[in-house]
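What the coordinates show
Chain by chain, the residues:
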Amino acid sequence: MKDKPTVLYDVPGPRARRRNVLWSLLFLIALAAVVWWVVASLADKGQLDWAKWAPFFTDPRVWETYLLPALKNTVIAAALAMVIALPLGALLGILRLSDHRAVRAVSGTVVEFFRAIPVLILMLFANAAYSQFTGISPDSRPLYAVVTGLVLYNASVLAEVVRAGILALPAGQTDAAKAIGMRKGQTMLYVLLPQAVTAMLPALVSQLVVIVKDTALGGAMLGFSELLASVRPMSANYGANTIACFTVVAVVFVLLNLALTTFASWLERRLRRGKKSTGAVVGVEAVEDLAVPGEHPDTR
């Protein structure tokens, strides 16, 4: 019996399946060859010797002196940027949906301007501005510059995520809110945003992961003591084990971002489960509280 074609594509026949298996095997063989070549090259140069990896397992000073302080700075910079960029991005996204043309124009200009500039340039400009016009100490200036650059860029990106999430909601949600007398601000706060958050959460988490990774730009250009910047002093003090240092730092970044995405996935499941399990009914008193003052619900 022949396979029935699906809506989007035809199911591969026997020859196509054999060809797909063959290409998959060839790809795996090529990948294994590349991995073997990389490992052999590292082994020939002594980068896989236990002496270069042992400090991370036997010497706590590596973690106490380099990795943990760098991880702390990375988390602080990323957390500050997230805490500031999320509400700022939400505000800019809502302002881009304003009924007033001037408000839309100003917010749109801000979003498009900072979204078009690379985040590294924003950090460099912020560092120069703090140096010229503020009394922030040189030791703290890189942190301020990194956070400023991350906030300006990611708030602009998040503004578009928020705007797209709200526009993706059915128009009936807004019509229903108007039918019970809710003003536009109340509709946005109590109806649209709570529903859009769940739909926006995957995109928001992706941008938060970008924030964590982009902290490394501050270490590369501004001397900010974050995870990536810890590679050079570690390698200098522990026998030029550059590959081992980069590998450990990469694993720490992966674990940090994995913790962030795991928490976001748990939060998303909880929000979706809460929406399915709740059957809240808005009472007459609540409708009257949300209605325009001075108007009775029956007269609207």
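Quick caveat: nothing in here was measured; it's all calculated off a predicted structure. (Residues numbered from 1 in each chain as written. Predicted model: local features only at pLDDT ≥ 70, side-chain atom pairs only at ≥ 80, totals over all residues. Heavy atoms only, no water.)

1. Here we look at helix H1 (residues 14-44)
- Between its terminal C-alpha atoms H1 stretches 45 Å, which fits the 45 Å expected from 31 residues at 1.5 Å a residue.
- Looking at the residues trailing H1, positive phi occurs at Gly46, about 75°. (Helix = DSSP H or I, 4+ residues; strand = E, 2+ residues; numbered from the N terminus. Expected span 1.5 Å × (residues − 1).)

2. Details of the packing of aromatic side chains
- Applying the stated criterion across every chain, the model contains 5 aromatic pairs.
- Plain terms: the ring middles of Phe113 and Phe114 are 5.1 Å apart, the flat faces sit at 80° to each other, and that makes the pair edge-to-face.
- Note on Phe113: relative accessible area 47%, which makes it partly exposed. (Phe/Tyr/Trp six-rings, centres within 6.5 Å; stacked < 30°, edge-to-face > 60°. Buried < 20%, exposed > 50% of the residue type's maximum accessible area, 1.4 Å probe, protein only.)

3. Quick look at the pattern of salt bridges
- On inspection of all chains with the given rule, the structure shows 6 salt bridges.
- One salt bridge in this structure joins Arg115 and Glu112, with 2.9 Å as the shortest N-O distance. Note that Arg115 and Glu112 are positioned in helix H5 (residues 101-116) at a spacing of 3 residues, about one turn of the helix.
- What makes Glu112 partly exposed here is its relative accessible area of 34%.
- Salt-bridge contacts for Glu160 lead to Arg163; the nearest nitrogen and oxygen are separated by 3.0 Å. Highlighted residues: Glu160 and Arg163, both in helix H7 (residues 141-167), separated by 3 residues, approximately one helical turn. (Salt bridge = Lys/Arg side-chain N within 4 Å of Asp/Glu carboxyl O.)

4. Thoughts on a nonpolar patch on the surface
- On the surface, Val21, Leu25, Phe27, Leu28, Leu31, Val35, Val39 and Leu48 cluster together into a nonpolar patch covering about 720 Å² of accessible area.
- Structurally, Val39 can be placed in helix H1. (Patch = residues over 30% accessible without salt bridge, like charges linked within 9 Å, V, L, I, M, F, W, Y side chains within 5 Å. Areas by Shrake-Rupley, 256 points an atom, 1.4 Å probe, with all protein chains shown as cover.)

5. Here's the deal with the side chain of Glu226
- Here Glu226 shows up in the loop between helix H9 (184-221) and helix H10 (231-237).
- We note that Glu226 is buried and unpaired, the nearest opposite charge coming from Arg232 at a distance of 10 Å.
- Within polar-contact distance, the side chain of Glu226 engages the backbone nitrogen of Ala229 at 2.8 Å.
- In this structure, Glu226 is in contact with Ala70, Thr74, Thr215, Ala216, Gly219 and Phe253, ignoring residues within four places of it in sequence. (Lys, Arg positive; Asp, Glu negative; His and termini not counted. Polar contact = N/O pair within 3.5 Å; in protein donor to acceptor, adjacent residues only side chain to side chain. Contact = heavy atoms within 4.5 Å.)

6. Observations regarding the confidence of the model for the chain
- Scored by pLDDT, the chain has a mean of 84; 88% of the residues are at 70 or more.
- Across residues 278-282, where pLDDT falls below 50, the model places 1 contact with residues more than four positions away in sequence or in other chains.
- Residue range residues 296-300 is modelled with pLDDT below 50. Its contacts to residues more than four positions away, or to other chains, number 7 contacts. (pLDDT = per-residue confidence, 0-100.)

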